[in-house]
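Here is what each chain is made of, one letter per residue.
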Amino acid sequence: MKLSNKSQALHDLIAPAVAACGVELWGIEFIPQGKRSLLRIYIDKAIEESAAPVLNEDGEVEQGRGIGVQDCVLVTQQVGAMLDVHDPISGEYALEVSSPGWDRPIFQLNQLPAYIGQQVALRLIAAVENRRKFQAKLVSVDLDKELIQVEVDGNHILEIDSHNIDKANLIYQD
């Protein structure tokens, strides 16, 4: 789970603007698409279990948790203005700001421990046991050794080097 040089540079540039909006930068995706590239920013904020529901200025009920439309609008304005000044992307691009959602993509190894016991989808760079794609239960995360363990096929444990993970996301379960 390593960002490309371009994505890392954008992440470092965008992070302070996102933090200024009172939310966390969960991750970014920069997708060059010919004439028009896509910069997708995922934001999140901590859940406040004890917060009472309130009615926001758009008439939406917010319960002290998650990302709302106003958070996305604020980050879009803040980051958009910062990108206009620094101009780090050549050519045209579309800017999207979103919450990570139920099937949240994972961008850094330190985001995984909170989801131990849940199902994840993994796409690997190099095959492990002749497979590059897995849907598995996350069993453990070793931040020091940069390894994860997943349970596949109900009882088989695989150890995967985090540098071998091309893409990872949670699998929503009802």
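Rules behind the numbers
In this convention, every chain numbers its residues from 1, walking through the sequence in written order. For this predicted model, a pLDDT threshold of at least 70 governs which residues receive local features, and a threshold of 80 or more governs which side-chain atom pairs are given and counted, while totals over whole chains, interfaces and linings are taken from all residues. The side-chain values count all of the structure's non-hydrogen atoms but skip hydrogen atoms and water molecules. Labels follow the DSSP assignment, with helices taken as runs of H or I lasting at least four residues and strands as runs of E lasting at least two, numbered in each case from the N terminus. Multiplying 1.5 Å by the helix residue count minus one yields the expected span of that helix. Only protein chains enter the area calculation, which uses a 1.4 Å probe; residues under 20% of their type maximum are buried, those over 50% are exposed, and those in between are partly exposed. The contact criterion used is simple: two residues touch if any of their non-hydrogen atoms lie within 4.5 Å. The rule is short: rings of Phe, Tyr and Trp, with Trp giving its six-membered ring, pair when the centres are within 6.5 Å, and they are stacked under 30 degrees, edge-to-face over 60, tilted in between. Two conditions define a charge located above a ring, namely a distance within 6 Å from the ring centre to NZ of Lys or CZ of Arg, and an angle within 35 degrees of the ring normal. Two axes enter the definition of the bend at a residue: one is fitted to the seven residues ending there, the other to the seven starting there, and the bend is the angle between them. For salt bridges, the criterion is a side-chain nitrogen of Lys or Arg within 4 Å of an Asp or Glu carboxyl oxygen. To qualify as a nonpolar core, a set must consist of buried Ala, Val, Leu, Ile, Met, Phe, Trp, Tyr and Cys residues joined through side-chain atoms within 4.5 Å.

Trainee: Quick one: what's the story with helix α2 (residues 69-86), residue by residue and with numbers?
Mentor: Taking 1.5 Å as the rise per residue, α2 with 18 residues should run 26 Å; its terminal C-alpha atoms sit 26 Å apart, in good agreement. Those residues of α2 that sit buried are Asp71, Cys72, Val75, Val79, Gly80, Met82 and Leu83. Those residues of α2 that are buried lie in contact with α1 (5-19), β2 (36-44) and β5 (92-98). Directly beyond the C-terminal end of α2, a positive phi value near 45° is found at Asp87.

Trainee: Give me the lowdown on the packing of aromatic side chains, citing residues and values where you can.
Mentor: Scanning all chains against the criterion turns up 2 aromatic pairs. With a centroid separation of 5.6 Å and 40° between ring planes, the pair formed by Tyr42 and Phe107 is classed as tilted. In this pair, Tyr42 is assigned in strand β2 and Phe107 in the loop between β6 (105-106) and β7 (119-128), connecting sequence segments 65 residues apart. One exposure class covers both Tyr42 and Phe107, and it is buried. One cation-aromatic arrangement involves Lys6 over Phe30; the distance from NZ or CZ to the ring centre is 5.8 Å. It is Arg104 that lies over the ring of Trp26; its NZ or CZ is 4.7 Å from the centre.

Trainee: With reference to specific residues and values, describe α1.
Mentor: Here α1 contains 15 residues, and its C-alpha end-to-end distance of 21 Å stays within 8% of the 21 Å for a straight helix at 1.5 Å per residue. The sharpest bend along α1 measures roughly 30° and falls at Leu13, with the proline Pro16 sitting one to four residues further on. For α1, the full list of buried residues reads Ser7, Leu10, His11, Ile14, Ala17 and Val18. Its buried side turned inward, α1 meets β1 (24-31), β2 and α2.

Trainee: Which residues make up the pattern of salt bridges, and what values go with them?
Mentor: Enumeration according to the criterion identifies 6 salt bridges in this entry. When the shortest N-O distance is used, the salt bridge between Glu29 and Arg40 registers 2.6 Å. Of this pair, Glu29 sits in strand β1 while Arg40 sits in strand β2, placing them 11 residues apart in sequence. Comparing Glu29 with Arg40 shows no difference in burial state: the two are buried. With a shortest N-O distance of 4.0 Å, Arg131 and Asp153 are connected by a salt bridge. Residue Arg131 is found in strand β8 (residues 131-142), and its partner Asp153 is found in the loop between β9 (147-152) and β10 (156-161); the two are separated by 22 residues along the sequence.

Trainee: So what's going on with the side chain of Arg104? Which residues, and what values?
Mentor: On the secondary structure map, Arg104 appears in the loop between β5 and β6. With relative accessibility at 12%, the residue Arg104 sits in the buried group. In this structure Arg104 touches Trp26, Asp44, Tyr115, Ala168, Asn169 and Leu170, once residues within four positions along its chain are discounted.

Trainee: How would you summarise the side chain of His11 if you had to cite specific residues and measurements?
Mentor: Summarising the element assignment, His11 is placed in helix α1. For His11, a relative accessible area of 13% translates into the label buried.

Trainee: Could you give me a rundown of the nonpolar core, with the residues and numbers involved?
Mentor: Of all hydrophobic cores here, the largest spans 24 residues; its most connected members are Leu112, Leu122, Ile148, Val150 and Ile165. With near-sequence residues (within four places) excluded, Leu122 lies in contact with Arg132, Lys133, Phe134, Ile148, Val150, Ile160, Ile165, Lys167 and Ala168. Ile28, Phe30, Leu39 and Ile89 belong to the second largest nonpolar core, which has 20 residues in total.

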